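One letter stands for each residue in the lines below.
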Amino acid sequence: MGEEGGSDKLAFPSLDMSDLEASLPLRTSGLPPADPAVVGNSLKHKHQYLAGEQLGVLESFSPNVKKRVAVLQDIQKTHDEIEAKYFEEKAALQARYQKLYEPLYSKRNEIVNGHVEVEGITRDAVQSDGPAEETKEKGVPDFWLIAMKTNEVLALQISERDEGALKYLKDIKYSRIDNPKGFKLEFYFDTNPYFKNTVLTKAYHMVDNEEPILERAVGTVIEWHAGKNLTEKVLRKKPKKGSRNTKPVTKTEQCESFFNFFKPPQVPEDDDDIDQDVAEELQDLMEQDYDIGSTIRDKIIPHAVSWFTGEALQGEELEVDDDGTDTDDDDEEEEEEDEGEEDEDEDDDEEEEEEEKGRKIRLLGSSRNGI
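Bear in mind that the values here come from a model prediction, so they are computed numbers and not experimental data.

Reading the values: rules and limits
Residues numbered from 1 in each chain as written. Predicted model: local features only at pLDDT ≥ 70, side-chain atom pairs only at ≥ 80, totals over all residues. Heavy atoms only, no water. Helix = DSSP H or I, 4+ residues; strand = E, 2+ residues; numbered from the N terminus. Buried < 20%, exposed > 50% of the residue type's maximum accessible area, 1.4 Å probe, protein only. Areas by Shrake-Rupley, 256 points an atom, 1.4 Å probe, with all protein chains shown as cover. Polar contact = N/O pair within 3.5 Å; in protein donor to acceptor, adjacent residues only side chain to side chain. Phe/Tyr/Trp six-rings, centres within 6.5 Å; stacked < 30°, edge-to-face > 60°. Lys NZ or Arg CZ within 6 Å of the ring centre and 35° of its normal. Pairing = 2+ DSSP bridges. Axes fitted to C-alpha atoms, helices over the stretch in contact; angles between N-to-C directions. Contact = heavy atoms within 4.5 Å. Salt bridge = Lys/Arg side-chain N within 4 Å of Asp/Glu carboxyl O. Expected span 1.5 Å × (residues − 1). Core = buried A, V, L, I, M, F, W, Y, C linked by side-chain atoms within 4.5 Å.

Chemist: Describe in detail the overall build of the protein, supporting the description with residues and values.
Modeler: A tally of helices and strands in the protein yields 11 helices and 6 strands. In the protein, buried positions account for 28% of the 371 residues. Carbon and sulfur atoms form 48% of the exposed surface of the protein, whose accessible area is close to 25100 Å².

Chemist: An account of the side chain of K202 is needed here, citing residue identities and associated values.
Modeler: Mapped onto the secondary structure, K202 falls in strand 3 (residues 199-206). Residue classification places K202 among the buried residues on the basis of a relative accessible area of 0%. Of the polar contacts made by the side chain of K202, one reaches the backbone oxygen of F261; its length is 2.5 Å.

Chemist: Which residues make up the environment of A279, and what values do they have?
Modeler: As for its position among the elements, A279 is in helix 9 (residues 276-300). Sequence spacing of A279 and V267 is 12 residues, and the spatial spacing of their C-alpha atoms is 9.3 Å.

Chemist: Explain the packing of aromatic side chains to me, and be specific about the residues and the numbers.
Modeler: Using the criterion set out here, one finds 21 aromatic pairs in the structure. Judged by centre distance (4.9 Å) and plane angle (25 degrees), the rings of F183 and Y204 are stacked. Of this pair, F183 sits in strand 2 (residues 181-189) while Y204 sits in strand 3; the two residues are 21 residues apart in sequence, bridging distant segments of the chain. Between F187 and F262, the aromatic rings sit 5.3 Å apart at their centres with planes inclined by 85 degrees, giving edge-to-face as the arrangement. With F187 in strand 2 and F262 in the loop between strand 6 (249-254) and helix 9, the pair connects residues that are 75 residues apart, well separated along the chain. F262 matches F187 in its accessibility class, with the two residues each being buried. An aromatic cluster is present here, built from F187, F189, F195, W224, F258, F259, F261 and F262 joined pairwise through their rings. Just above the ring of F261 sits the side chain of K202; from NZ or CZ to the centre is 3.4 Å. Over the ring of Y194 we find K228, and its NZ or CZ is 5.7 Å from the ring centre.

Chemist: Let's hear about the sheet that holds strand 4 (residues 214-219): which residues, and what values?
Modeler: An order of 1-2-3-4 is seen for the 4 strands of this open sheet, with the pairing classed as antiparallel. Strand pairing shows two members of the sheet lacking a second neighbour, strand 1 (169-178) and strand 4, which therefore form its edges. Strand-to-strand twist of the sheet, defined as the mean angle between neighbouring strand axes without regard to direction, takes the value 15 degrees. Two elements, strand 1 and strand 2, share 9 bridges in a ladder whose sense is antiparallel. Residue S175 lies in a different strand from strand 2, and its bridge partner there is K184. Packed on one face of the sheet, helix 9 meets strand 1, strand 2, strand 3 and strand 4 and runs near 65 degrees to strand 2.

Chemist: Run through the pattern of salt bridges, naming residues and quoting values.
Modeler: What the rule picks out here adds up to 8 salt bridges. In this structure, the salt-bridge partner of E59 is K66, at a minimum N-O distance of 3.5 Å. Across the pair E186 and K184 runs a salt bridge, and its minimum N-O distance is 4.0 Å. Classification of E186 by relative accessible area gives buried; the value is 18%.

Chemist: Go over the pairing of strand 3 with me, naming the residues and quoting the values.
Modeler: Burial of strand 3 is extensive: 7 of the 8 residues sit out of reach of the surface. Both strand 3 and strand 4 contribute to a ladder of 5 bridges, which runs antiparallel. Paired with H205 across the bridge in strand 4 is R216.

Chemist: Describe in detail helix 3 (residues 63-112), supporting the description with residues and values.
Modeler: The end-to-end C-alpha distance of helix 3 is 69 Å, a good match for the 74 Å that 50 residues give at a rise of 1.5 Å each. Buried within helix 3 we find F87, Y105, R108 and V112. Buried residues in helix 3 make contact with helix 6 (143-150) and helix 10 (304-309). G114 occupies a position one or two residues after helix 3 and carries a positive phi of about 75 degrees.

Chemist: Can you explain the nonpolar core? Please cite residues and give values.
Modeler: The biggest cluster of nonpolar side chains holds 41 residues, and the ones touching the most others in it are F187, F195, F258, F259, F261 and I296. Contacts of F259, omitting those with residues within four sequence positions, involve D162, A165, L166, F189, F195, L200, I222, W224, L230 and T231.

Chemist: Summarise unusual backbone geometry; cite the residues concerned and give the values.
Modeler: Here the amide bond leading from N179 into P180 is cis, since omega sits at 0 degrees, within 30 degrees of zero. Along the chain, P180 falls in the loop between strand 1 and strand 2.

Structure representation (structure tokens):
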């Protein structure tokens, strides 16, 4: 999960495939097609209407074709039964190996946080050898912050202001949940000057855990200390000349922060009036949120040491062609070719930016759900 060319479309008589394609839930890089409930009743109703129209198309075929389709349906049914067993066995196998990983994660946590010392280093040696600052260090400082910043997906989410708070991160744990199905991430923090919580939780609720369709995500409400909210910034403007009010005007705005991860986009309960643009925007936000969560679950937690040391980046920095040549040379040639097209593209980019600014964007889920 999470790690996670077009083909020719089949043309059916009297069915506009472009309409059908537009009505289907958007496919994402980290998820299968989303449940229509996630993107609004308006799309769901259209999908149901077209599904009924599709049945009408099948009825228009000759008896011989219908017999062939019936046999194909039996084949599909057998396939789906085998696939269901595969998912069942896969879940059991994952659970079995998760139990084998747990002691290793516990030992890693003890070393990182200085609860135990590794072989070859005694507590007396730590207290007497080296500079005074070094002797005070316990465990591995900034372990999780460095590991997360080394990953490209998470590095984009961590602002410079976030780093101070993430230095207090002690451990990250993952667990499966059954009611509702999905998974949960738990972030354990030392007492810190930023917020009161010692554990921040993020849960992903899935419609079907075997073929994961994200229904919604729920995050912990962070209890920020006064003036320490990293997801907001305070703007102060000087009063205009001649104004009777001589005090600076303050305005609070939302800002980019890793801790926005705990305020995920929410599907509105009353989604009858949701339009397709809003549905697509919501889907994009949910996709990005899921990508971050699955990256932490599938990459950071199991391979944290490799991300801390940078070893996890090996093999990702350079792509080598089958003939053994580096793709960087090809990239340079492509850049030279593209230089002549930049001027033409600039106008198009400006138009797209203006169009994007004019889009009606609603960040749904302003109400927070705590765990």
